[in-house]
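# Descriptive structure summary
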Amino acid sequence: MKLPKHPVSQTAHERGVALLISIFALLLISGVAISLIVMSGTEAAIAGNAKGNTQVFYASYAGLEEARGRMWPIHPNTLDATTGVNKGAGTMPLNKVVYILNPSPGEVVNPIDLSSTNAYRDTEYLQEFGVPANSGTLNVTTVVSTAPVAGLPGLLFKWVRITAKSERSAGVDTNGDGVLDSTTPLSYDGKHQNLAGSGRQVLRATALAVFPNGSRRILQYDIAPVVFNVAFPAALTFDGFGDALFPANSNVYWVNGNDNSGISSCGGGVNQPARPAIGVPDNVDDTIITGEIPPNRKNHYIGLGPAPDVENVTSSMSANMQTVAGLEGLMSTIKDNATYVFNGNQSSLPAAALGTASAPTITYVDGDLSVGPGTGYGILVVRGTFNASGNTGWRGIVLVVGKGDMTVSGGGNNEFDGAVFLANTLDDQGRQLPSLGDTILNWAGGGGNGIYYSSGCVNWALNSTNYRVLSFREIAE
């Protein structure tokens, strides 16, 4: 007979251990859950903080870009005249301060209110110039930002300040004389900043952005107009060897190197010494070009020397215009800063690419170009053959550099005021030549009124370039 089985009972001690283990497991799970929640919140806060810092950084950056863009003379809301620079030819005084303000609707942004309750006060100015931004010695101008578009809220920068740069404001002894000059603006010659005034003036843009969550950022640009470092030695220059001229046989056609002798001086200024009517790079081409001028028109080529004024201008030509490599580098720089770039042959140009007297352009054609009738303003680069027909003219600079081939036909009473420069740097396949080749100018028919040197038109065209960034930094508050 089997004996009945009895259940094995746990002691009170064993039941207590099981309870503790359960409680410990519950606490462990709860701790992990809480840790995950805290970690998730921390990561979200970090991500939100990083996002806010990124947004406020780019808001301040956008302010700098608005300031840089509006310093371009042909910008529809240019600050060129407001700062006193006037198409790059003037100088912004060191006591001049221009603020671009960008308040939210109903908000007041006043950077020269230096009270501690003003979140938008400009305390950085004192650090740079040694006087507060609200000093009575300063000439302060404010303008409104163009950031809002079609009624939409704009970028959240609050203000951008534009000032002239000096050694004192930069904190850099540029010329190494041991003195931080506070009275002389800095200039940029295309390679270096200097106190000599060689090149174009350096300006400084400082932008403050503040977000509703308190995030702040101050960024700063040093900017200066693009410098092409070119000088035109004659009204018309053939920069090649074995050049050919097929001149107009017209009584109204002239090539004149006397400064601002044409119908347009483009704002002029003080007249400069006369240039040769035609410049060439060697004496052989001097003889060739002179011999191609009709005997009854030799007195229509005037300027620095006796008519017909054709001269070897190598000694007065910019170094970067005397070699294929130098010219190709110059063309690349112009292309990088052009208002309009057209690839391939062009049978015409849109009206905008011709520019206007108030808004000259830099138009770059990487191929052949045919235009006419009409008048262009600014800088024109043609890499192929340039065909101008009808009543065509230009105010500024024409660079036919590549094939070095220019044809003008059709007559009329228009003219080229400024300078015309021809150089053959490329073969028929567009490859660089080992040395400068021969150029051709064929001025057929009545030919219009010709080419007139104008330092006013040349400088006006060169000063219509945009601004490049020389340095960028973030300012710690």
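First, a word on what this report is: a plain description of the structure on this page.

Criteria and thresholds
- Residues numbered from 1 in each chain as written.
- Predicted model: local features only at pLDDT ≥ 70, side-chain atom pairs only at ≥ 80, totals over all residues.
- Heavy atoms only, no water.
- Helix = DSSP H or I, 4+ residues; strand = E, 2+ residues; numbered from the N terminus.
- Rg over C-alpha atoms; globule rule 2.2 N^0.38 Å.
- Buried < 20%, exposed > 50% of the residue type's maximum accessible area, 1.4 Å probe, protein only.
- Contact = heavy atoms within 4.5 Å.
- Areas by Shrake-Rupley, 256 points an atom, 1.4 Å probe, with all protein chains shown as cover.
- Lys, Arg positive; Asp, Glu negative; His and termini not counted.
- Charge placed at Lys NZ, Arg CZ, Asp CG, Glu CD.
- Core = buried A, V, L, I, M, F, W, Y, C linked by side-chain atoms within 4.5 Å.
- Pairing = 2+ DSSP bridges.
- Phe/Tyr/Trp six-rings, centres within 6.5 Å; stacked < 30°, edge-to-face > 60°.
- Axes fitted to C-alpha atoms, helices over the stretch in contact; angles between N-to-C directions.
- Patch = residues over 30% accessible without salt bridge, like charges linked within 9 Å, V, L, I, M, F, W, Y side chains within 5 Å.
- Salt bridge = Lys/Arg side-chain N within 4 Å of Asp/Glu carboxyl O.

## Focus: the overall build of the protein
Counting secondary structure elements, the protein contains 8 helices and 25 strands. Relative to the compact-globule value of 23 Å for 477 residues, the protein shows a C-alpha radius of gyration of 34 Å, a clear excess of over 25%. By its C-alpha atoms, the protein is 145 × 75 × 50 Å across when sized along the principal axes. When the 477 residues of the protein are sorted by exposure, 46% land in the buried category. Considering only contacts in the protein between residues 6 or more positions apart, those separated by 24 or more positions represent 62%. Approximately 21800 Å² of the protein is accessible, and the part contributed by carbon and sulfur atoms is 57%. Each charge class in the protein was averaged separately, 28 positive and 37 negative side chains, and the resulting centres sit 14 Å apart.

## Focus on the nonpolar core
In this structure, Ile278, Phe386, Leu399, Met406 and Phe416 are the most contacted members of the largest nonpolar core, which totals 64 residues. Not counting residues up to four positions away in its chain, the partners in contact with phenylalanine 416 are Phe386, Ala388, Thr392, Gly393, Trp394, Val398, Met406, Trp443, Gly450, Ile451 and Tyr452.

## Concerning the pairing of strand S8 (residues 216-225)
Most of S8 is tucked away: 9 of the 10 residues are buried. Sheet analysis places strand S7 (residues 203-210) next to S8, joined by 8 bridges and oriented antiparallel. Among the inter-strand pairings, arginine 204 is bridged to a residue of S8, identified as aspartate 222. Taking the residues that link successive antiparallel strands as the turn, the S7-S8 hairpin has 5 residues, and the phi of glycine 214 there is positive, at about 95°.

## A few points about the packing of aromatic side chains
This structure, assessed with the given rule, holds 15 aromatic pairs. Pairing phenylalanine 57 with tyrosine 58 gives two aromatic rings, centres 5.2 Å apart and planes at 85°, and the pair type is edge-to-face. Clustering of aromatic rings is evident, with ring pairs tying together Phe57, Tyr58, Tyr61, Tyr221 and Phe472.

## Observations concerning the sheet that holds strand S23 (residues 440-443)
The 5 strands lie next to each other as S10-S23-S21-S19-S17, forming an open sheet whose pairing is parallel. Strands with a single pairing partner mark the edges of an open sheet, and in this sheet they are strand S10 (244-246) and strand S17 (369-371). Going from strand to strand, the sheet's axes swing by 5° on average, the running direction of each strand aside. Alignment of S10 against S23, held across 3 bridges, turns out to be parallel. Following the sheet pairing, leucine 245 is matched in S23 by leucine 441.

## What to know about a nonpolar patch on the surface
Where nonpolar side chains cluster on the molecular surface, the patch consists of Phe24, Leu28, Val32 and Leu36 and spans about 420 Å² of accessible area. Tracing the sequence through the fold places leucine 36 in helix H1 (residues 12-70). Relative accessible area serves as the criterion here: at 53%, leucine 36 is assigned to the exposed category.

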